[in-house]
Each structure stands twice: as structure tokens, then as C-alpha cells.
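Chain by chain, the residues run as shown.
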Amino acid sequence: MSATGIGAPVRRTEDFRFITGKGQYTDDINRAGQAHAYFLRSPHAHADIVKIDTSKAKAMDGVIAILTGDDLAADKIGGLICGWMIHNKDGSPMRAGGHPALAQGKVRYVGDHVAVIIAETYQQAKDAAEAVDVTYKTLPAAADIDSALKKGAPVIHDVAPDNTVFNWHLGDKAATDAAFAKAKHVTKLDLINNRLVPNPMEPRAAVGDFDAGTGVFTLYTTSQNPHVARLVLSAFIGIAPEHKLRVIAPDVGGGFGSKIFIYAEETVCVWAAKKVGRPVKWTSDRTEAFLSDAHGRDHVTHAEMALDDKGRILGLRVNTKANLGAYLSTFSSSVPTYLYAPLLSGQYNIPAIYCEVDAVYTNTAPVDAYRGAGRPEATFVIERLVEVAARERGEDPALFRRKNFVTQFPHQTPVIMAYDVGNYSASLDKAMDMADVKNFGKRKKESERHGKLRGLGYSAYIEACGIAPSQAVGSLGAGVGLWESAEVRVNPVGTVEVLTGSHSHGQGHETTFAQLVSDRLGIPLDQVSIVHGDTDKVQFGMGTYGSRSGAVGMSAIAQAIDKVIAKGKKVAAYALEASEGDIDFKDGRFSVKGTDKSLAFGEVALQAYIAHKFSGQQLEPGLKETAFYDPTNFTFPAGVHICEVEIDPDTGVTRIDRWTAVDDFGVVINPMIVEGQVHGGIAQGVGQALLEGAHYNKDGQLVTASYMDYTMPRADDLPSFAVGMTSTPCPSNPLGIKGCGEAGAIAAPPAVINAITDALGHENISMPATPQRVWQAVQQSQRKLAAE
Amino acid sequence: MYAFNYQRPKTVRQAAGLLAKAGGDGKLLAGGQTLLPTMKQRLASPAMLIDLNQVDGMGGIELKGRNLHIGAMTKHADVANSHIVKTAIPGLAALAEGIGDPAVRNRGTIGGSIANNDPAADYPAACLGLGATIVTNKRKIPADEFFTGMFDTALEDGEIITKVIFPVPQKAAYEKFPNPASRYAMVGVFVGKKGSDVRVAVTGAGANGVFRLPEFEAALKTRFNAKSLDGLSVPADGLNGDIHASPDYRAHLIGVMAKRAVNKALGK
Amino acid sequence: MASVTMTVNGKTVTATIDPRTLLSSFLREHLRLTGTHVGCDTSQCGACVVHVDGRAIKSCTALAVSLDGAHVTTIEGLASDGHLHPMQEAFREHHGLQCGFCTPGMIMSAVDIVNRKGAMLDEHTIREELEGNICRCTGYHNIVKAVAAGAQAMAATKVAAE
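Everything numeric in this text was worked out from a predicted model, so none of it was measured.

K.L.:
It is not clear to me how helix α7 (residues 226–236) of chain A should be interpreted in this structure. Could you clarify?
P.N.:
Owing to its 3.6 residues per turn, the α-helix aligns residues three or four sequence positions apart on the same side. All names here are of chain A. Taken across its 11 residues, α7 has nine buried, putting it largely inside the fold. Along α7, the positions that sit buried rather than exposed are Pro 226, His 227, Val 228, Ala 229, Arg 230, Leu 231, Val 232, Leu 233 and Ser 234. Residues of α7 that are buried sit in contact with β10 (216–221), β11 (245–248) and α8 (264–276). Gly 238 sits one or two residues past α7 and shows a positive phi near 85°.

Here it is as C-alpha cells:
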């Protein structure tokens, strides 16, 4: 391994601009003559719009235009789309209600977009928004799953009179029923997977621009996948054909899923730029982000696990109700279905699984993918069930898991997935060792001596990522293919530009991708630059989410590099006057086998461009190759996290005393960056388990609409993490990479809750396990003890 | 933020004059750590903003006899780090060290905090728990009469806090249970013992802002020890309830925080 | 409109501005110093932290007009003579940033912590002192390491300079 090659903890090349304040985020971009947009949002969760009177507001200082849904309709601008078709049990398609970028006749959640005010300054736009007179006829609201499914519930979309988007299922019901019929023990749990707000630190922003001379629109936006944004804005929403629309996602300050989606605001900004003849800029404030960024999770689940007399899992039955909010966001329908149920087998050998999911409209913000997307929900179900089953049987939870682990690979689960490779016991052993599980009893006694409760919780998670083979996702309803593209441009002097469809918004691609190129081409890291996030530069790409940039995006680069080397050999053969078959490429040099004749990579690049040694009929000049890589399977990162908590029973405060993570990500390009991804994921998972929860009141008002009420994890909420790795290289991509971006967020919540319930001695606690809830649970245990 | 007329007086008298001129539509800007966020959210819309940051003679920390004088524009960080405060009333310095976060403490002022009387602010508990006197450009107001309700004080139109006088106690401490999200006090209890007088003041919990606990005070007067509070409880009626803490939980936390404050005051 | 003069990163600037201009807006929009970020509306996230007269403050919760005569240092003014500040170096060396959005405020707060608390900072102190800075990417693990190392590097640089 070289100091900068694969496996080296190279310091990030992108950091310089960030630590010096020279990053270029969307809100840092200002176009000459730009105007500012402010969105007038619905204060009601559910209402008919009777009338919008803009006359007074239009006359105010600085106001350029006020546009509404009627203007969108007049320009034949289409609605926002959901790009994943789910079919009901009976084969009929899901019921997708219309989703106009500005409301047309009705608002369906607090924060829904009613009108946009464009003015010379942001303050003027905001001032004018208050003068827009909207007459609403308020309707009863259904702010949660239960209210939406109740008889006589308000109808949110006419297309779904019972507010059900779909009734979907996966697995073999008969086989699962049979497994339960012969069970010796059944463990049952009711679980709530709490609703979260993603909260990347950079709020969303957009700058729309229109060049009247060329007819080209440009949209600068906070996106994880600018090409998908362009595709949707062109082909579905109809802003402009793709060759007349450029989407640029510059530095993006975190996404965690919430910047995958194509939102109303960027649609309106780019459309309005032509309409008002000025660049139009919008930047979300934090409360707008809470109201209108797509939220995550929000499942209510009843789950049952069937066991035989030896504690082996026979079957799993899961019934989930998933809140999708007021509209179907871009990938929302895939999250509680194909990103969820196929992971319910966890790391375990489970012969029969049946899962039913009812997806529900409510008068709340749309719900879509958030770090982990479906897989944290699945892991929470299986890892809580396994833990409780072990406790009910009086078995050690680690041994119980080990007994049920999948040990033979490949392993076909009853829910689509074919696990390719893994060694789950290896991660468990290493984690138990690092966490010093054997001395937990001593620590527990020590805590008791100080009046504290101590608990230990496991989470043995698996996820499917590197999403995924296009044929596979297509057969499951995806509207797009999920390959990735790369273009490796070698310049005449031998420096390299890699254009990738993966987008970096914190993941460090500019470093890891360059490490791969440096390693493969034998050139120094600083001779490589990674270009991403601009549809005018990169031909096409599917973007970054689902921990796919390493496994899919880098594999595309590797393929393009292979082509560069192959072409380089041809060039070298002419230049060195040898036959192509005799050319070797190693450590950055093309050489003729068995001779001392060789050329450095840069020299061959120059030969390729000057083309003096071969004719155009023999070989095309230049050195630039493209690859579209489509993997053969999902990847299956897996691992074991162990959380140890100490609870103050007087206040209910839970302190995480130690955290151990052992993950198998296959081949790791940059361990420093991978560990950083694990840390961040754990923090978000701990956030879900202990701190975070989006809360709507019964009228559909978002109570947690700022950091005053929504608890973000802070430095003093968390411990340092002990991170270890095991490795079984992934066989389904050329690099052996599995992906690491979501692991922590997937693993962490059940580890925390298993630790807390271990400390409390009962299972009755829901997320987030706030001090109040833990205190109430302690009271409950004490009452129970007193009664005994 | 709505537009406002900005004024930067140099003296308390000028400031008071401007405040009078503004009628009910003037607001004083001290550290701005609560006022500015409120104005940004358009929940406050003063027509005139009178900036006190260049007014002379509103800062400073002085020990005069057995009384600690703190100028109204003194920043939380300066109270927290003051050798005088740390020596005279360490519990007050510790309270200041726990307000907001370091950047907020570098701007926020004692006068601003008290004048705003946010029901979750820390300083009101110290004022009440130490029996402080709030000095204005017009008069001196005992803390017991100053805090009249949520975001409400005895301050009259045109009245400006210039300093706060804290009698130096024998023992005092503050214990806070922060709201997990905002980190404001969800329950904060200040205990102060001076001679035979014991004061217990609670912030964060009451629907009407800071309040005293006579029963707790009586028990601690008998014996200043956490054990004296065993068996005492606070009724949940009239306490705040929100998603983070029900009135019951707040009532419970008051008991726990009070005991911890007593222990802290005793150096335990 | 109101007039304000202040020194920003060593340069004197004078401007006539709407009095409701926050220091963060003044820096970002008038001076085009976009390294100072705004991540919330309630002065909690700390992405906007800058130094005013040597002390860390949240620039989204201060009026620019109120800081007439002040000396302001932003992330752009932290490096000197082309050399990164030791705290900037420490964040890079210890991978104390991912998306980079909270980083300017985080670094400005970290420098302020060292100015107040000295070079020997334990993990508990660092975590408590970072209460006013929210990061969504790193889980704080590497930020804590970076601040501890940066603190020592700042002390070493100071010793070397003396």
C-alpha cells in the first residue's frame, strides 16, 4: 500500500477550502441582477384555497412578481413526481395524488407552498408575503396515521378516499403462518419508529437563471443528484428539455437523503427566472427546513417472531403502517417497501417471512429517504425482536444471535435478498472483545453502588446498499436505472480529471476517488482532480445516496481506468515500436516485456495527443474513456454495535458510557474517512434513539419547528466511539467495496434501546427515550417491583 | 425582521428619553440574545430599537460591603469569569457559566435577561434566591416584587435597569436541568442561605415564571441539608407542560434539583 | 439607513446599511465573506461564529450597526501570511469536518475555547464548550480530537514565537 493508495488514511484534499471559508455553497452564489424569492406557506394543515388576493402585496416596495399555482398551470408546468411505482396486493398501482409545486386549490400540510413572492431583497419579499390575502376554508386535518385511517377521516387526496397510498406485501404468507403454527414460543412487539427531520446543517437553497440569448436555464441547487434533478425537471415537470437546462450542485452542506428529492422551491426558482427575466434566489431558513424538507421514518409496526423449542427462529410476521405525509416525495414509496421489508431477515437464518405495509397520507410534510431509508426501520424491528426473544427465553442475547446467524454464503433470504458474503460471528466476537463485555457485570455493580442503572445492548445489523443493479430495481418499480457513470480524462501532460456522477456533500469523494486513480494509474494524488455536481461537465449520473458512491461510483471509475490503460497500451505499443500484447502497465509505466524500454504514464498521454507515432486509421488520438457501471447485486455491509448506557433513575437521564462498532464494509479505500462516516451515522442513530422526534399536534401544526424544540445531538450528548473493522470483500463489484455511509444510523437505534431496556428490566420504552420517558419507565419498574 | 428606527444613546438619561419618546413601541437592545431571535421570527416588532451597548456606566462588578453590585450591561461571561463574583458568590458565577453557550455568554447581559424575564431564564432564579435588588434609573425594586409573570416585570414605561445588587450569602448554589433541545432551564433551582434566611427559587417550571418554594425554605431553615427536603413535594398544578416535560415530571425534577443544589451549596 | 464602521480581518470597512442587517448578513452579503454560514434562526447551531474584539459571538444574533468600532475576525481572517492557523490544520489532520458547513463556526469557537481555557483540554471540557456548535456529519468524535490537538498546537506555536 502506498501512502496515498487504496487503504491509506489520506488527509482530505477538499478540506483546504472548507477550513479557510472558501467553500462555495449555493447560498454563496450570487448572480448579477438577482432577485429574491420568499415562499408564502400554508399556516393550515388542510384547507381549500378560496381566493388569493395579491393586489396589495404587488404594489409594495421592491416587489417584482407574485406567482401562484394558477401561473404554473397556465405555463403547463407539471407537478412533482414520485419515481418509484409500488403495486397493491391486488396488483393495482399505488394511488399518487397530484403534487403541484405551488398549491392549486388546496393545501395539505403546514408549510405547503401557496405562492412565491419575488422582490429586490429578501426582506421585501417577506414583507410582501404578509400582505398577500389568502382566503382559506379550513378542513379537518389528519396529522397522524391513526387519524388518517379512522372512519370518516378527512380525505387528503381524492384519488385515495381512505388515505391509503398502497397496501403492499412481501414474502410467503402461507409458509409464515405455517411456521407460527408450529412455534414453541412467539415473541411479539409493538414498535414506533419515530419521525425525524434530517437537518443537514446547510439549509436548502436554489438560484434559478435564464439566458434569453441561448434559451438555457441554469439551476444552482443543494442537490445530492443534479442529473436526476435535471431529468425530472425536464422530462416530467417540463421546465425545459435537458440540453437547455443545466443543473449545478456546488459544495453541498450535508444531505442525508433530504437533498435527493426534487422540491417545489428549486422548480419554482428556475421557472420564475425566465418569467421575471432575472436570476431568482431562494434560501431556506431553519424553520422552513423543518416544515418543508422531506422527513424520515414514521412507522408504526406490530411484529412477531416464531421460535422453536431450541430458540431457533422459524418465522417473522410484520405489519407496518408507514406515514408518507401529504404528498409522495421523489422516492418515498420505495422506502417502506423495497428498502425495508427485504432487510427484515437481518443477519439471521429465517425460513419464512411475511410483511404487510400500509402506506398512509397524512396532513404532514412529505416523508422520504433519510440516512438508511427503510433499513434502520427494518433493523429496529428485527434487532428489538431478537433481543426480546432472547430475554424471554432467558438466553444470552449474543449467544442467541450467534445461534441464528447466517453462516453459509451465498444465502437466499425469503425476502428477495441474496446475501453474497459475510462473517457475522467475526464481527460479534471482535465487538464483544472491544466492548469488554465480560466485565460488564462489574461495571453494572459499580453503577448500582452510585444509585445508577447500567445496561448493555447489541445491534447486529445488515443493510443492502450500493443500490443497485438497474434490472433488479426496475423489476421492483424504480423509474430509473441505478448504475453510475465515470469519465476519465487524461490530459496531454498526464494529469487526470475524473468526471463522476456521484456527488460529494461531505463524503470526501475528491480524496477517495483520487486515491483509486492514483493507485491504479501510478500517478501522484495531486495530479488527479475529481469533477462532480455539474450537468454541463458530467454527462450523466445517478448521484449519491444509499451508500452507493464507493461500490457503484468508484467501480465505474475503475472500469474507465481499465479502458484508459488498455488504450494506453495501444499508444505505448506504437511509441515503443512493440506489439500491444507485449506491453505491461505497472506503477505508472508502460514497458515492453523483457526489455528496458518503457514510457511513463504522462509520456504515453502526450503520445496519445500528439499522435505522431500512429495514424488516425490505426488508432484514434486522445486519451479519454467513459464507463457506465451497473453492479450485479446489492452489497451487504453488516456489523455489530454494542452500546452501554448508565441511567440516572432520579432524573431519567441516559448517558452513553461506551460505544463499540465493528463493521464489515469489505474493502476500505480510506479508513479515516470510513470511520468518520461511522461516527456520523452513530450520532444520527443515537439522535433517533435518545433525542430527536418530529412532533405534530392534532391540528397538524409542527411543534418541533426549530432547534428550540427539536433536539439535535450535540457534542456533550455523545461519547467517543470505538470503531473496529472486519472484512469480507464484496464479490459483486470490481473493488470489493460494500459501502459505509448509513451503517451507523442503521445500527445505532436498537443498540441504544436494547441497552436502556436491559438497564430498566422491561421493554416498555419508545424512541426517543428522552429523560422524561426514561423517568416514567423507571417509575413503572419501581411500581412493578413494589407490587411484587 | 421588521424595519425599525435604530438609536444609539450614550447615557442612561438619553436612553430613557428615547424610550419615553417611542411610547410603547420602543425596545432596549442589550445583548440581544433573546430579543434579536424574536425579532428575526417577526414575533417582536419594535418601532424603535434603543441600543444600550454604548451607554456609559452600565457595566462593572463591584463588592461594596456585603453586597455585590453588577452593572446591567455586564455580560454573562464576565460574571462567570469575575474573580470578585467567584469569591463572593461562587454559585452565581457558576450559574452565569451555564447560561446558553460560550458565544451567547459573550453577548448576553444580566440586565437583559432579567428585564425579559423569560420563564426559562437562569438569572431570575438567582435574583429571587439571593433576595437581590434590581436598580433602575428611577428606583430600587426588590426581586420579590420584580418578577410579576411570564415575560412580565415590575418595570414601568421608560424604566431601565442599571444594575443588580446581590446580598452575599453564606451558601448558595444553582442546579439546572436543561431542556434537551433549547438547553434553556426546564427546571432550575437556586438555593441561598444568608443568616437564618433561606431562599429556594425555581425557574423553568412555572407557567408564571420564577417562583419561591416556602415549604422547602422552611424545611431548610430548620436544617440546611438535602435530607431536610425528603418527603416534600411540589404540586404539578400550575407548572409548565410541553413535549419535553409534563407538569408531573417538572414537579419531580424540582425536588431532585433542589436537593442537588443544597448539596452543591454545602460543597458535597 | 445607518452608518457603521468596523475592522474586519484587519481592514477598515464603512457602510451605510439597513439597521436590521445582522452581522452575518453584513459579512456575507456586503463584504462577500461567505465563509461565515447561517444554519439556524435561533442562535443555536453556531455555524456563524466569528470573533468580535477577541471573543466568539454568533454573528446571526448581533446587529452590524451595534458593532460600530469593533474588530471582527472571520474564518477568512484566521490564517496569516499564507499559513493556516494551527486549529485549521488540526481540523484537517484529524478529519474534523465532512460537509464543511459547520466548520468555520466550529473552528472559530475552538480557537475561542483555547483562548479562554488554555491548551490542556480534556474531552469532557471540549464537549461542554462546544454546546453552541452543531455538526450533523461527524458525530463530533473527530472534532473533539481536532480541538484537543489544535489547542496544543496553538500553545506550541505561541511558545515558538516567544
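K.L.:
Can you walk me through the sheet that holds strand β13 (residues 197–203) of chain B in this structure?
P.N.:
The strands making up a sheet associate through hydrogen bonds between their backbones, and the pairing can be parallel or antiparallel. Residue and element names in this part refer to chain B. Within the open sheet, the four strands sit side by side as β11-β12-β13-β14. Their pairing is antiparallel. Each of the sheet's edge strands pairs with one partner strand only, and the pair in question is β11 (171–178) and β14 (211–212). Where β11 meets strand β12 (residues 185–194), eight bridges bridge the pair, whose relative direction is antiparallel. Considered in β12, the bridge of Phe 177 is made with Val 187. Docked against the sheet, helix α5 (residues 90–97) engages β11 and β12, running at close to 20° with respect to β11.

K.L.:
Help me out: how do you make sense of the interface of chain A and chain C in this one?
P.N.:
Buried accessible area, meaning the area lost when the parts come together, often serves as the stated size of an interface. The interface of chain A with chain C comprises 54 residues on the first partner and 43 residues on the second. A combined buried area of about 4,100 Å² lies between chain A and chain C, and 54% of that area is made up of carbon and sulfur atoms. Inspection of the region where chain A meets chain C yields five salt bridges. A salt bridge links Asp 28 of chain A to Arg 28 of chain C, with the shortest nitrogen-to-oxygen separation between them at 2.8 Å. There are 27 residue pairs in polar contact (both at pLDDT 80 or more) connecting chain A and chain C. The greatest single-element share of the side of chain A that touches chain C, amounting to eight residues, is contributed by helix α18 (residues 671–691) of chain A.

K.L.:
What is the right way to read the packing of α5 of chain B against helix α8 (residues 123–130) of chain B from this model?
P.N.:
Axis angle and axis distance: for two packed helices, these are the angle between their axes and the distance between the axes, and together they describe the pair. Residue and element names in this part refer to chain B. Here α5 crosses α8 at 165°, and the two axes come no closer than 10 Å. Classed by the angle they form, the pair α5 and α8 counts as roughly antiparallel. Crossing handedness for the pair α5 and α8: right-handed. The residues of α8 that touch α5, namely those facing Leu 92, Leu 95 and Ala 96, are Tyr 123, Ala 126 and Leu 130. Taken together, the residues that form the contact of α5 with α8 break down as six nonpolar, no polar and no charged.

K.L.:
I would appreciate a short explanation of the domain arrangement of chain B in the present structure.
P.N.:
Residues and elements named next belong to chain B. Partitioning chain B into structural domains gives domain 1 (5–51) and domain 2 (61–265). Distance between the C-alpha centres of domain 1 and domain 2: 25 Å. On the side of domain 2, 13 residues touch domain 1, which itself brings nine residues to the contact. Of the roughly 890 Å² buried where domain 1 meets domain 2, counting both sides, 70% is carbon and sulfur surface. Inspection of the region where domain 1 meets domain 2 yields zero salt bridges. If you look at where domain 1 meets domain 2, you find zero residue pairs in polar contact (both at pLDDT 80 or more). Take the side of domain 1 that touches domain 2: its biggest share by element is four residues, from helix α1 (residues 12–21). Each residue belonging to the side of domain 1 that touches domain 2 can be placed in one class, and the counts come to six nonpolar, three polar and no charged.

K.L.:
Help me understand α8 of chain B, please; the structure alone is not making it clear to me.
P.N.:
Residue and element names in this part refer to chain B. The element α8 is extensively covered by neighbouring structure, given that eight of its eight residues are classed as buried. Every buried residue belonging to α8 is among Tyr 123, Pro 124, Ala 125, Ala 126, Cys 127, Leu 128, Gly 129 and Leu 130, and all of these are buried. Gly 131 lies just past α8 and shows a positive phi near 65°.

K.L.:
How do you make sense of the packing of helix α16 (residues 549–576) of chain A against helix α17 (residues 601–610) of chain A when you look at a structure like this?
P.N.:
All names here are of chain A. Running from N to C, α16 and α17 point in directions that differ by 75°, and their axes come no closer than 9 Å. The angle between α16 and α17 falls in the class roughly perpendicular. Along its contact with α16, which presents Val 564, Gly 568, Val 571, Ala 572 and Ala 575, the element α17 presents Phe 601, Val 604, Gln 607 and Ala 608. Classifying every residue of the contact of α16 with α17 gives seven nonpolar, two polar and no charged.

Rules used throughout
- Residues numbered from 1 in each chain as written.
- Chains lettered and ligands numbered in written order.
- Predicted model: local features only at pLDDT ≥ 70, side-chain atom pairs only at ≥ 80, totals over all residues.
- Heavy atoms only, no water.
- Buried < 20%, exposed > 50% of the residue type's maximum accessible area, 1.4 Å probe, protein only.
- Helix = DSSP H or I, 4+ residues; strand = E, 2+ residues; numbered from the N terminus.
- Contact = heavy atoms within 4.5 Å.
- Pairing = 2+ DSSP bridges.
- Axes fitted to C-alpha atoms, helices over the stretch in contact; angles between N-to-C directions.
- Buried area = accessible area lost by both parts, 1.4 Å probe.
- Salt bridge = Lys/Arg side-chain N within 4 Å of Asp/Glu carboxyl O.
- Polar contact = N/O pair within 3.5 Å; in protein donor to acceptor, adjacent residues only side chain to side chain.
- Parallel < 35°, antiparallel > 145°, perpendicular 65-115°, else oblique.
- Left-handed = near helix turned anticlockwise from the far one by under 90°.
- Nonpolar A, V, L, I, M, F, W, Y, C, P; charged D, E, K, R; others polar.
- Domains from an automatic or database assignment.

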